[in-house]
Amino acid sequence: MGCNCATTERNIYMPRECLITKTRQLTRTEKQFTLQLKDGSHFTYQPGQILEVSVPGYGEIPIGVASSPTRTDSFDIVVRTVGRVSTAVNARNEGETLWIRGPLGNGFDLNKLRHQRVLIIAGGLGLCPTRSLIQYILDKRQEFRDFKLFFGSRSPAEQLFTDDLAAWRRSPAVDYQETVDRADANWAGNVGVITTLIDRNEIPRDTRVIICGPPIMYRFVMLRLDAIGIPHENIFVDLERRMKCGVGKCGHCQINNLYVCCDGPVFSYDQVENLEEAFS
Amino acid sequence: MKTYFLPQHELPSFVSTLLQTTRVIGPVAKKHKFVFARLASADELRLDYDVTILPPKKAIFPQTQPLLKFSPEGYEDVGTPQPQILFGVHFYDVKALDMLDEFFTDGHADRRYLDNREATTIVASSIQHINERAFFASVGADVKPRGHDAFLTAIEGGYVYEILTDKGEALIKHGSFRAATGDEVSSAYAANAEALDKCPQHIYHSTREIGRRVRAAFGRDEVWDELAEKCFSCGTCNTTCPTCYCFDVQDKWNLDQASGVRERTWDGCLLDDFARVSLGEGATDNFREKAAQRFRHRVMRKTSYLNEKLGGPACVGCGRCAIGCVPDIADPVRIINRIMEG
Amino acid sequence: MSKPKVKVAFFDFASCEGCQIELTNLGDTVFLGLLEHIEIVEFREVMKETTSQRIDIAFIEGSFTREADRPRLESIRARANVVVAYGSCAATGGINALKNHQTDYREFVYGKDAEMPHLDSFQAQPISAAIQVDLAIPGCPIDQAEFARIVSDVLHGKAPTVPNYPVCVECKLRETVCRYQSGDHCLGLVARAGCGAPCPADGVPCEACRGMVDSPNQPALLQVLMEKGGLSQLRAETKSRLWTARFRNEE
């Protein structure tokens, strides 16, 4: 498989400096950063590609780009505080610096999505990398046919990008539907796991489906998509693994013979469905 | 290129001369075992070694290696390496280095590896003593070593020095070499053929057949549970393997608490935390939770996953994993035979 | 340095204070380097001063073996931003926990003085049994390099980590000849690394002074100690208790 990573430096481990132009605390643990390359160059990437984001002394973490390359002045990432590096990244604020390597890996193959019906199924933090594609489709809406977006969260308080969600709810450009596993007092919407959204919709068999969410989600979503009869080459998954180098060397993200960092993180389902350990 | 002869008694002065100008790393004794180490004098060199504890890859891909330097302002490159000579490498370890060359060049060229590789002159040497766990004659037999610059073969009365590259040729001016005779070249050929003939352990299946059958055994949990029952997840089979190249990356501050290094350290897929990710609030998920899954991953990687890229298995038959594994469950010969028996 | 120095104090409980001694062996470069960034406000092995003020980092050595020690521990906790239990006694109960499996130790050790009231104690427990501990660094004694790294991490607000792989990894990285290949036995197969494996390098088997990894293969250890290490079954079973008695207790 090919790889669309960009490592311009002679040392593939050399990060590039970014200015944090804006930050926003999305939830208790998730923070959004809007970044610009400090050397003034334009950051080019494909929706779905990843970055290695770092703070000197703390290390690097792989993060999917959360904005579309159609929005050219800056780009977004969302970092959840889970460990040592993410804690250090999330301690940074507007006007300060973050470092990135990338874009790395293969994002969404837009040639397979253009002029097609598209359904994006995102769970929890899975909305971040798919947001790059959502924005892309909305910005080039005429290049795509029907566009549905299903988003599931554990609770209303854990919903990300609430401004975006509000806009998508109103937008005629996307059929946005959402659900939460557990409602709170103010929630008037759907309650239940994300597959309930699939059940209440008519999904044509020629739809291109993108799935991104926690590992458990894939199995149940796939059962529904198989019942509809969607060919596996038309289903795209965005996988997550432990990663260190991001350039296909260190071995941590390997699933069988594939490196998630280089061969993915986006795979068509038929590429990975028979690979043991991909979804177990 | 040409083939030369160096009389037995001239070897020490050849090596001594090399040592005066260049860092030379060769096999030396450590208790009753051998290790590759920087030579302080020519008489430390033990070309009669059977196998070393760690493979010579450490001279090019060190156990811990800086990738970058950092300061609060950002990152900078680390320096470029000095030339070095890796002396007395057995052919199976040359094959392993060939594989590492492929891994670190493929896709994104890793200059941290390749700079060291290019600064290294490799003088391979014939195998004078064979470890009882070696199976180098029957694994990837059609994959030939290519990455060495010269090949030194011990024969009666001295050494035949076969030159493969300019770097190999550049060394002969430091010793009392003369052109080898036809008989000496024949003797060297015979000595290396004999090492293959005498290799004690054998795998009696083709690479293709092993790759196919081992891969097909992926789902046979009972086999993997049985094979890994005594596994300590200590990673010795990874750490001592000449073709393993996985690594972890960590940042360390210097004493000034402001600057520091980002460095990589050998990691191993048998170790418990190799594929573990943080989920936050202390929770983790491990993509290969059981020792048997990790054990299987290694076997798959050596016998099957990388074959297409390498044109052979990611194993050279050195026997280090078999020697190092205390419960003695890591020997590829026994693992493959167990799987092939059904 | 313009930043105020981090206030660090060292405290000891049931222990030999060997970890404090080990710190004094850090050497001028490291110790003086660290002193650029930290101010030591209490350290019984090297200074007379004590403190009742707020502390940034409290390093506690020794295990919790007496109820009488609880108020002092609670007072340290109340004053300290970060509490580090360092050394095996503090981190796991350490070698002191051997007594948890015995009943006659007082008579055995103290003879006719066995009933003296100041010898009253209960089972040896880690400091975490009395107060909340932010980090536990095992080791008997602690490893100097690991200590320096952990201080560095704490200074930067980076959660320090202790390895969860066996000592075998560190032996192999430094190419130590395996004890089992010298006709000996060793607990390095299950022992938590981080020490740099100095003992096998000196020809001494690892005794797992840092405790065990998270998932030690104990049935296989017993088998290996007997079959490869030549120990009797009784000795193989009791062998690994020296520093891991409390681990056994918990299982």
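Since the model is a prediction, treat every value here as computed from it, not as a measurement.

Turning to the packing of aromatic side chains, a few remarks are in order. Going through the model one piece at a time under the given rule, you end up with 33 aromatic pairs over all chains. The interplanar angle of 85° and the centroid separation of 5.0 Å between the aromatic rings of Tyr58(A) and Trp253(B) together place this pair among those described as edge-to-face. In this pair, Tyr58(A) sits in the loop between strand E3 (50-55) and strand E4 (59-64) while Trp253(B) sits in strand E11 (residues 247-253), so the two residues belong to two different chains. Across the pair, exposure class does not vary: Tyr58(A) and Trp253(B) are buried alike.

Okay, the pairing of strand E4 (residues 64-71) of chain B next. Residues and elements named next belong to chain B. Sheet topology places E4 next to strand E12 (residues 260-266); 6 bridges connect them, and they run antiparallel. Of the residues in E12, the one forming a bridge with Lys69 is Val261. Sheet topology note: the E4/strand E5 (residues 74-76) ladder contains 3 bridges and is antiparallel. Within E5, the residue paired with Ser71 across the bridge is Gly74.

Residue and element names in this part refer to chain B. Considering the arrangement of structural elements, one finds Thr243 in the loop between helix H8 (236-239) and E11. When its relative accessible area of 2% is taken as the criterion, Thr243 is described as buried. Of note is the side chain of Thr243, whose polar atom sits 2.9 Å from the side chain of Lys302.

A separate point is the nonpolar core. Ile211(A) and Trp224(B) are the most contacted members of the largest nonpolar core, which totals 142 residues. Sequence-distant contacts of Ile211(A), that is, excluding residues within four places in its chain, are made with Ile121(A), Met217(A), Tyr218(A), Val221(A), Met222(A), Leu225(A), Ile235(A), Phe236(A), Val237(A) and Asp238(A). Listed in part, the 28 residues of the second largest apolar core include Ile120(A), Leu165(A), Trp168(A) and Phe236(A).

Here we come to the packing of helix H6 (residues 207-216) of chain B against helix H12 (residues 332-340) of chain B. All names here are of chain B. Where H6 contacts H12, the axes come no closer than 10 Å and their chain directions differ by 70°. One way to sum up the angle between H6 and H12 is to call them roughly perpendicular. Seen along the crossing, H6 lies across H12 with a hand that is left-handed. Of H12, the residues touching H6 (which contributes Glu209, Ile210, Arg213 and Val214) are Ile336, Ile339 and Met340. Split into classes, the residues belonging to the contact of H6 with H12 amount to 5 nonpolar, no polar and 2 charged.

On to the sheet that holds strand E1 (residues 6-12) of chain C, then. Residues and elements named next belong to chain C. With parallel pairing, the 5 strands of this open sheet are ordered in space as E2-E1-E3-E4-E5. In the strand order of this sheet, the two ends are held by strand E2 (38-42) and strand E5 (135-137), each with one partner. Recorded for the sheet is a direction-independent mean angle of 25° between the axes of neighbouring strands. Both strand E4 (residues 80-86) and E5 contribute to a ladder of 3 bridges, which runs parallel. Residue Ala85 lies in a different strand from E5, and its bridge partner there is Ala136.

With that settled, the discussion passes to the domain arrangement of chain B. All names here are of chain B. Parsing chain B into structural domains produces domain 1 (3-61 + 81-197) and domain 2 (207-340). The straight-line distance from the C-alpha centre of domain 1 to that of domain 2 is 27 Å. Interface of domain 1 and domain 2: buried area, both sides summed, is about 2,700 Å²; carbon and sulfur atoms make up 66% of it. The tally of links between domain 1 and domain 2 comes to 5 salt bridges. With a shortest N-O distance of 3.0 Å, Arg133 and Asp331 are connected by a salt bridge. On inspection of domain 1 and its partner domain 2, the count reaches 11 residue pairs in polar contact (both at pLDDT 80 or more). Only helix H2 (91-105) and helix H3 (111-118) provide two or more residues apiece to the side of domain 1 that touches domain 2. For the side of domain 1 that touches domain 2, the element with the most residues is H2, which contributes 9 residues. Here the side of domain 1 that touches domain 2 is built from residues that sort into 18 nonpolar, 3 polar and 10 charged.

Calculation criteria
- Residues numbered from 1 in each chain as written.
- Chains lettered and ligands numbered in written order.
- Predicted model: local features only at pLDDT ≥ 70, side-chain atom pairs only at ≥ 80, totals over all residues.
- Heavy atoms only, no water.
- Phe/Tyr/Trp six-rings, centres within 6.5 Å; stacked < 30°, edge-to-face > 60°.
- Helix = DSSP H or I, 4+ residues; strand = E, 2+ residues; numbered from the N terminus.
- Buried < 20%, exposed > 50% of the residue type's maximum accessible area, 1.4 Å probe, protein only.
- Pairing = 2+ DSSP bridges.
- Polar contact = N/O pair within 3.5 Å; in protein donor to acceptor, adjacent residues only side chain to side chain.
- Core = buried A, V, L, I, M, F, W, Y, C linked by side-chain atoms within 4.5 Å.
- Contact = heavy atoms within 4.5 Å.
- Axes fitted to C-alpha atoms, helices over the stretch in contact; angles between N-to-C directions.
- Parallel < 35°, antiparallel > 145°, perpendicular 65-115°, else oblique.
- Left-handed = near helix turned anticlockwise from the far one by under 90°.
- Nonpolar A, V, L, I, M, F, W, Y, C, P; charged D, E, K, R; others polar.
- Domains from an automatic or database assignment.
- Buried area = accessible area lost by both parts, 1.4 Å probe.
- Salt bridge = Lys/Arg side-chain N within 4 Å of Asp/Glu carboxyl O.

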